[in-house]
Amino acid sequence: MAAIGNPMIRMPGSAKKGEVIEVRSLIMHPMDTGLAKDKAGKIIPAHYIQRVIVTFNDQPLLDIDWSTAVSTNPYLAFKMRAEESGTLKMVWKDNENGTWSTGTKLSVS
Amino acid sequence: MKNMKRREFLGTSLTATTLAAVAGTGLLRSGMAFAGNVAGWPSKAFEDKKLAAAMTDSIGKTEIPVSSKVRLSAPSIAENGAAVPVTIEIDSPMNADDYVKTVWLFVDHNPTPLASQFNFTPGCGQAFIQQRIKMAKTDNVRVVARTSKGELMASAPRKVKVTIGGCGG
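Quick caveat: nothing in here was measured; it's all calculated off a predicted structure.

Novice: Tell me what's going on with the overall build of chain B, and back it up with residues and numbers.
Specialist: Secondary structure assignment for chain B yields three helices and nine strands. Helices and strands appear in chain B in the N-to-C order α-α-α-β-β-β-β-β-β-β-β-β. Expressed as a percentage of the 169 residues in chain B, the buried residues total 33%. Within chain B, contacts between residues separated by at least 24 positions form 64% of all contacts whose residues are at least 6 apart in sequence.

So, in structure tokens, the structure goes:
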């Protein structure tokens, strides 16, 4: 079975108040479309991340709904305005009740 | 108004009946389609097979004015359709009074054209997304944005030439 999980976030550890910073993330996931076949000619069932939830200090920041059209091992970059120090948290959920999460601290001066 | 509601109701119940009928034939195996969908995931728009239907079920219309505020970047030639990098940037003040609330990303002729839906908040500072998508063949990619004021605007469609399709099979 292909590797799955191991979510990662890359972003600056500190920022000036009001600065817009870029957050980059990566997670291992097959993102199977349900259209491809395995070597035996059997359809590989759809298995893919459907939602990504991003919060900062538990406040909603960004919510994403994904389809099977998102590539294997999804990379995602987005921006946030640094207003206060705290923790950015990301949660990924797939269509087979798989859930992964990770967080990163940001210090704002 | 009364009529509208009746139409909506008929539409919904028709869909439910159709699904029940399809499920009854055994075409839908458990674990294949709806079983594990994340709560609130907009399944109808994501399962539509045609662009017009996917746009109608997500945005509510298909004719959206193109605005230079909505920028979509993608390579003009992608050798591998399994991972086509796209960048979305939308000009917006991104404050509590005026921000980009929802963005949809479509690939016109993918088996299911709606690729992603992004729900922003003012805290994002900028409506910006970068990710990689699958494209079945040479096709147009397009983005539609809705602001918190309800204004709809679209990117110009961006054509990507795909050498090897990326949807498996």
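Back to the text.
Novice: Describe in detail the overall build of chain A, supporting the description with residues and values.
Specialist: Of the regular secondary structure elements, chain A holds zero helices and eight strands. Taken from N to C terminus, the helices and strands of chain A fall in the order β-β-β-β-β-β-β-β. With respect to the principal axes defined by its C-alpha atoms, chain A has extents near 60 × 20 × 20 Å. Burial status across chain A gives 37% buried among its 109 residues. Partitioning the intrachain contacts of chain A with sequence separation of at least 6 by distance along the chain shows that 59% fall at a separation of at least 24.

Novice: If you had to explain the interface of chain B and chain A to someone new, which residues and values would you point to?
Specialist: Each partner contributes residues to the interface: chain B has 36 residues there, and chain A has 35 residues. Of all the secondary structure elements, the ones that give two or more residues to the side of chain B that touches chain A are strand 5 (114-120) and strand 6 (127-133) of chain B. Here the element with the most residues in the side of chain B that touches chain A is strand 5 of chain B; it accounts for seven residues. Split by residue class, the side of chain B that touches chain A holds 18 nonpolar, 16 polar and two charged. Of the strand pairs in this sheet, strand 5 (residues 59-66) of chain A and strand 5 of chain B are connected by five bridges, and their pairing is antiparallel. The residue bridging leucine 62 of chain A from the neighbouring strand is phenylalanine 120 of chain B, located in strand 5 of chain B.

Novice: I'd love a proper account of the sheet that holds strand 6 (residues 75-81) of chain A, names of residues and values included.
Specialist: Strand order across the open sheet formed by six strands is 1(A)-3(A)-6(A)-6(B)-3(B)-1(B), with antiparallel pairing between neighbours. If you trace the sheet from one side to the other, it starts and ends with strand 1 (5-10) of chain A together with strand 1 (70-73) of chain B, each paired once. Strand after strand, the sheet turns through a mean of 15° between neighbouring axes, direction not considered. Pairing geometry for strand 3 (residues 20-28) of chain A and strand 6 of chain A, over seven bridges, is antiparallel. Residue pairing in the sheet places valine 23 of chain A in a bridge with phenylalanine 78 of chain A of strand 6 of chain A.

Novice: Give a detailed account of the pairing of strand 1 of chain A, specifying residues and quantitative values.
Specialist: Residue and element names in this part refer to chain A. The buried count for strand 1 comes to zero of six residues, which makes it a mostly uncovered element. Sheet analysis places strand 1 next to strand 3, joined by four bridges and oriented antiparallel. Each bridged residue has a counterpart across the sheet, and for methionine 8 the counterpart in strand 3 is leucine 26.

Novice: Requested: an account of the pairing of strand 4 (residues 49-56) of chain A, with residues and values cited.
Specialist: Look at any regular strand and the pattern is simple: side chains alternate between the two faces of the sheet. Residues and elements named next belong to chain A. Extensive coverage of strand 4 is indicated by the burial of seven of its eight residues. Both strand 4 and strand 7 (residues 86-94) contribute to a ladder of seven bridges, which runs antiparallel. If you follow phenylalanine 56 over to strand 7, its bridge partner there is leucine 88. Pairing geometry for strand 4 and strand 5, over six bridges, is antiparallel. Bridge pairing links arginine 51 to aspartate 65 in strand 5. Here strand 4 folds back onto strand 5, and the loop between the two strands holds two residues, one of which, asparagine 57, carries a positive phi near 50°.

Novice: Any chance you could break down unusual backbone geometry for me, citing the residues and the numbers?
Specialist: Residues and elements named next belong to chain A. Unusually for a residue other than glycine, asparagine 57 sits at a positive phi of about 50°. Assignment of secondary structure puts asparagine 57 in the loop between strand 4 and strand 5. A positive phi is found at aspartate 58, a non-glycine position, where the angle reads about 65°. Position of aspartate 58 relative to the elements: it lies in the loop between strand 4 and strand 5. Classification of aspartate 58 by C-beta neighbours within 10 Å gives exposed; the count is 8.

Here is what the cut-offs are and how they apply
Residues numbered from 1 in each chain as written. Chains lettered and ligands numbered in written order. Predicted model: local features only at pLDDT ≥ 70, side-chain atom pairs only at ≥ 80, totals over all residues. Helix = DSSP H or I, 4+ residues; strand = E, 2+ residues; numbered from the N terminus. Buried ≥ 20, exposed ≤ 12 C-beta atoms within 10 Å, placed from the backbone. Contact = placed C-beta atoms within 7 Å. Nonpolar A, V, L, I, M, F, W, Y, C, P; charged D, E, K, R; others polar. Pairing = 2+ DSSP bridges. Axes fitted to C-alpha atoms, helices over the stretch in contact; angles between N-to-C directions.

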